[in-house]
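# Survey of secondary and tertiary structure
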Amino acid sequence: QAKRSGGNRLCCYSTRLAEQQAMERNLVNEIREALERQEFFLMYQPVFHLDSGVITGAEALLRWRHPMRGILSPDDFVDQAERNGQIVEIGRQVLEMACRQMKLWLDRGLPVSQMSVNISVSQIESGDLVEHLLATLKRHQVPPEMLEIEVTESMLAHQGEPMAAQLWKLRQAGVAVAIDDFGTGYSSFGRLKSLPVDRVKIDRSFVRELENDERNASIIQAIIALAHNLEMVVTAEGIETDYQYQFLLSHRCECGQGFLISAPVTPVRFEDLVRHHWKCLRRTINQTS
Ligand code: C2E
Ligand code: MG
Ligand code: MG
Ligand code: MG
């Protein structure tokens, strides 16, 4: 009896494993097609200056217009694309689209000083990230100073010298570097000091739980103090409420992103927000203070 159910479990397990492998293979093919058919596109989330309400930049966020499943978020495919290496090619398209958009905004006189792009581990490991990035900027005539790359804190822990060397090269060329999801990984402070980091982005989880758990307030204050002592600028992710906004403003966090101001939007909507709504944003913010 026991043996039989054990056999069943094994059978179930191997079926599920086979199913999963089939799904992964399927996704590889789908991503390959998506790259050819240009199904990937970017949405842009405003980054705003907390004190003035002015939108200072945009974070480019990847989306996939899937032919059957609708619009997919990075959480639905980036991990696997990372595992099978396809993220490198996706990353190239991302950079291409972000630079093309930035150039368009520049030509149209849109007062946005920075575009942030998320970079994954495989892109760093691929070896030619820096050359490719600088060549793409040049081809689109976008000044390197207008680009910021975001690497997650957990990447810092796993990546040794190759990562540091590439970040320094980028910094020398004028590209800014931000540490994303800060507080969730574990980078030693010593390492943070030795890397060319311009900005720290406080992870959304701390902001989200700010009202419910006082310890998050302490963590946020500590991150801000650490960043400022190392002469880095701080951006808070995921600001959704007035309370969160006020807390961050009063603790001298410089910038923010979040649904309180705007979710990620299309380029047209982004331009509209920058041109016509920043004054309204400022009014909204001032009313709450
Ligand atoms: P991230 O870089 O930390 O981006 C912030 C995420 O928080 C975005 O999710 C954004 O839509 C979401 N968000 C912003 N404000 C709020 C808010 O007020 N409330 C809530 N609940 N969420 C908010 P998204 O676009 O799904 O991206 C998820 C992650 O995927 C990103 O986290 C980033 O790590 C990764 N990612 C995005 N685009 C790319 C890309 O082009 N390349 C790579 N390698 N990774 C990317
Ligand atoms: Mg990011
Ligand atoms: Mg983040
Ligand atoms: Mg994240």
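Since this is a predicted model, take the numbers as computed values, not measurements.

### A closer look at the packing of aromatic side chains
Enumeration over the complete set of coordinates arrives at five aromatic pairs. Between Phe40 and Phe77 the ring centres are 5.6 Å apart and the planes differ by 40°, which places this aromatic pair in the tilted class. Taken together, the residues span a long stretch of sequence, with Phe40 in strand S1 (residues 40-49) and Phe77 in the loop between strand S3 (70-72) and helix H2 (78-83) at a distance of 37 residues. Note on accessibility: Phe40 and Phe77 belong to one class, buried. Counting every residue linked through ring pairs, the aromatic cluster contains Phe40, Trp64 and Phe77.

### A short note on the coordination of the magnesium ion (ligand 3)
Ideal values for angles at a metal depend on the geometry: 109.5 degrees with four tetrahedral donors, 90 or 180 degrees with six octahedral donors. Within the protein, the magnesium ion (ligand 3) binds to Asp180 (OD), Asp181 (OD), Glu237 (OE) and Glu237 (OE); these donor distances fall in the range 1.9 to 2.5 Å. One chain supplies every donor for the magnesium ion (ligand 3), spaced along it as D-D-x55-E. The distance between the magnesium ion (ligand 3) and the magnesium ion (ligand 2) comes to 4.3 Å, and Asp180 binds to both of them. Of this pair, Asp181 sits in strand S6 (residues 176-182) while Glu237 sits in the loop between strand S8 (233-236) and helix H11 (242-250); the two residues are 56 residues apart in sequence, bridging distant segments of the chain.

### Let's talk about the nonpolar core
By size, the foremost hydrophobic cluster in this structure holds 78 residues, and its most contacted members are Phe40, Ile149 and Phe270. Element by element, the count of residues in this core is highest for helix H3 (residues 86-107), at nine residues. Those residues within four positions of Ile149 in sequence are excluded, and the remaining contacts are Val117, Ile119, Leu133, Leu167, Leu170, Val175, Ala176, Val177 and Ala178.

### Overview of the coordination of the magnesium ion (ligand 2)
Summarising the metal site, the magnesium ion (ligand 2) is bound by the protein donors Glu59 (OE), Asn118 (OD1), Glu150 (OE) and Asp180 (OD), whose distances to it range over 2.0 to 2.3 Å. Mapped onto the sequence, the residues coordinating the magnesium ion (ligand 2) show the spacing E-x58-N-x31-E-x29-D.

### Considering the site of ligand 1
Around ligand 1 there are 21 residues in total, and Arg63, Asp180, Arg204, Glu240 and Phe259 lie nearest to it. In the model, an oxygen atom of ligand 1 is placed 2.9 Å from a nitrogen or oxygen of the Asn118 side chain. A distance of 2.6 Å separates an oxygen atom of ligand 1 from a polar atom in the side chain of Arg204. Surface burial for ligand 1 is 84%, taken as the share of its 810 Å² of free accessible area covered by protein chains. Broken down by secondary-structure element, the contributors of at least two residues to the shell around ligand 1 are strand S2 (55-66), H3 and S6. With four residues, S2 is the single largest residue contributor to the shell around ligand 1.

### A short note on the pattern of salt bridges
Across all of its chains, the model carries 15 salt bridges by this definition. Here Arg83 and Glu24 are joined by a salt bridge, their closest N and O atoms 3.2 Å apart. Residue Arg83 is found in helix H2, and its partner Glu24 is found in helix H1 (residues 2-37); the two are separated by 59 residues along the sequence. Judged by relative accessible area, which is 25%, Glu24 ranks as partly exposed. Members of the salt-bridge network, linked through shared partners, are Glu33, Arg37 and Glu39.

### Some points on unusual backbone geometry
If you check the backbone angles, Gln38 has positive phi at about 55° while not being a glycine. Position of Gln38 among the secondary structure elements: in the loop between H1 and S1. Phi at Gln141 is positive, roughly 55°, even though this residue is not glycine. Topologically, Gln141 is positioned in the loop between helix H5 (129-139) and strand S5 (147-152).

Calculation notes
Residues numbered from 1 in each chain as written. Chains lettered and ligands numbered in written order. Predicted model: local features only at pLDDT ≥ 70, side-chain atom pairs only at ≥ 80, totals over all residues. Heavy atoms only, no water. Phe/Tyr/Trp six-rings, centres within 6.5 Å; stacked < 30°, edge-to-face > 60°. Helix = DSSP H or I, 4+ residues; strand = E, 2+ residues; numbered from the N terminus. Buried < 20%, exposed > 50% of the residue type's maximum accessible area, 1.4 Å probe, protein only. Donors = N, O, S within 2.8 Å, 3.2 Å for Na, K, Ca; no water. Core = buried A, V, L, I, M, F, W, Y, C linked by side-chain atoms within 4.5 Å. Contact = heavy atoms within 4.5 Å. Near = heavy atom within 4 Å. Polar contact = N/O pair within 3.5 Å; in protein donor to acceptor, adjacent residues only side chain to side chain. Areas by Shrake-Rupley, 256 points an atom, 1.4 Å probe, with all protein chains shown as cover. Salt bridge = Lys/Arg side-chain N within 4 Å of Asp/Glu carboxyl O.

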